[in-house]
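Here's the letter readout for the chains.
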Amino acid sequence: MTMVSFNTLFSDVESRELRSITPVGDPYLPERPFAFHELFCREPACDCRRVMLNVIDVEQGRHVATINHAFEPPEARFADDGQTFLDPLNPQTDASPALLALFVKMIASDRDYRERLERHYRMWKQVVDDPAHPGQSHLPPPEDGASVAAAVATFRRATAKVGANDRCPCGSGRKYKVCCRG
């Protein structure tokens, strides 16, 4: 599945509504701004109802975490994946677990932010699902240039899925379910 930055289609909205936060008094995070850039699924007709957030340390201008968040809790058969977790297929840093905890608190306590993410998802899907929409020209083609259906049909994970009881990919040595999956 190809994730694309919300900014690709809605740069004006992102410039007004990009969430950034400066943690104060957090023993695991420096007191400087972190921006939460949204990415959404590029696949038409996909209803994953997720947002991926690339967290950027604004002062250092570097990526520090990738958080995956579903708008609803997963069905029982997917419960091991969780609703909000550090994406195991993307690079993480020492700050990633603390940023995940910060995001979980933020999403739980800020209804406006939750609603904004869902509104952005609906805006995104309106463009992605309509082949005649003028915004389609701004979307990148599927990674291999093939049709979207072919891309979905041939999807394979680059690495094995991280299980709840596996060692956490962040390198802490703890089990994934008690570390970054939280």
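Owing to the predicted nature of the structure, the values given are computational and were not obtained by experimental measurement.

Undergrad: Explanation requested: the overall build of the protein chain in the structure shown.
TA: Looking only at helices and strands, the protein chain features 4 helices and 6 strands. Starting at the N terminus, the α and β elements of the protein chain follow one another as β-α-β-β-β-β-β-α-α-α. Each of the 182 residues in the protein chain was classed as buried or not, and the buried ones make up 41%. Within the protein chain, residue pairs in contact and separated by at least 24 positions form 50% of the contacts whose partners lie at least 6 positions apart. Surface exposure of the protein chain reaches about 10,200 Å², of which carbon and sulfur atoms provide 51%.

Undergrad: What should I look at first to understand helix H3 (residues 111–128) in this one?
TA: Structural remark: α-helix, 3.6 residues per turn; residues separated by three or four positions point the same way. Between the first and last C-alpha of H3 there are 26 Å, a value that for 18 residues agrees with the 26 Å anticipated at 1.5 Å per step. The complete set of buried residues in H3 reads Tyr113, Arg116, Leu117, His120, Tyr121, Met123, Trp124, Lys125, Val127 and Val128. In this structure, the buried side of H3 is in contact with strand S1 (3–5), helix H1 (7–17), strand S2 (19–21), strand S3 (34–41), strand S4 (50–57) and helix H2 (96–109). Regarding H3, its N-cap is Asp110, as a side-chain oxygen of that residue lies 3.2 Å from the backbone nitrogen of Asp112 further along.

Undergrad: Before we go on, may I ask you to explain the confidence of the model for the protein chain in this structure?
TA: The predicted coordinates ought not to be read in detail in places where the model reports low pLDDT. Overall, the prediction assigns the protein chain a mean pLDDT of 85, with 84% of residues at 70 or greater. Considering only residues more than four positions removed or in separate chains, one finds that residues 144–158, a stretch of pLDDT under 50, has 9 contacts.

Undergrad: Mind showing me how you'd approach the pattern of salt bridges here?
TA: For the structure on display, the rule yields 7 salt bridges. Here Glu72 and Arg49 are joined by a salt bridge, their closest N and O atoms 2.7 Å apart. You can see Glu72 sitting in the loop between strand S5 (62–70) and strand S6 (84–86) and its partner Arg49 sitting in the loop between S3 and S4, a full 23 residues away along the chain. One salt bridge connects Lys125 with Asp129, and the closest N-O pair in it is separated by 3.3 Å.

The rules behind the values
Residues numbered from 1 in each chain as written. Predicted model: local features only at pLDDT ≥ 70, side-chain atom pairs only at ≥ 80, totals over all residues. Heavy atoms only, no water. Helix = DSSP H or I, 4+ residues; strand = E, 2+ residues; numbered from the N terminus. Buried < 20%, exposed > 50% of the residue type's maximum accessible area, 1.4 Å probe, protein only. Contact = heavy atoms within 4.5 Å. Areas by Shrake-Rupley, 256 points an atom, 1.4 Å probe, with all protein chains shown as cover. Expected span 1.5 Å × (residues − 1). Polar contact = N/O pair within 3.5 Å; in protein donor to acceptor, adjacent residues only side chain to side chain. pLDDT = per-residue confidence, 0-100. Salt bridge = Lys/Arg side-chain N within 4 Å of Asp/Glu carboxyl O.

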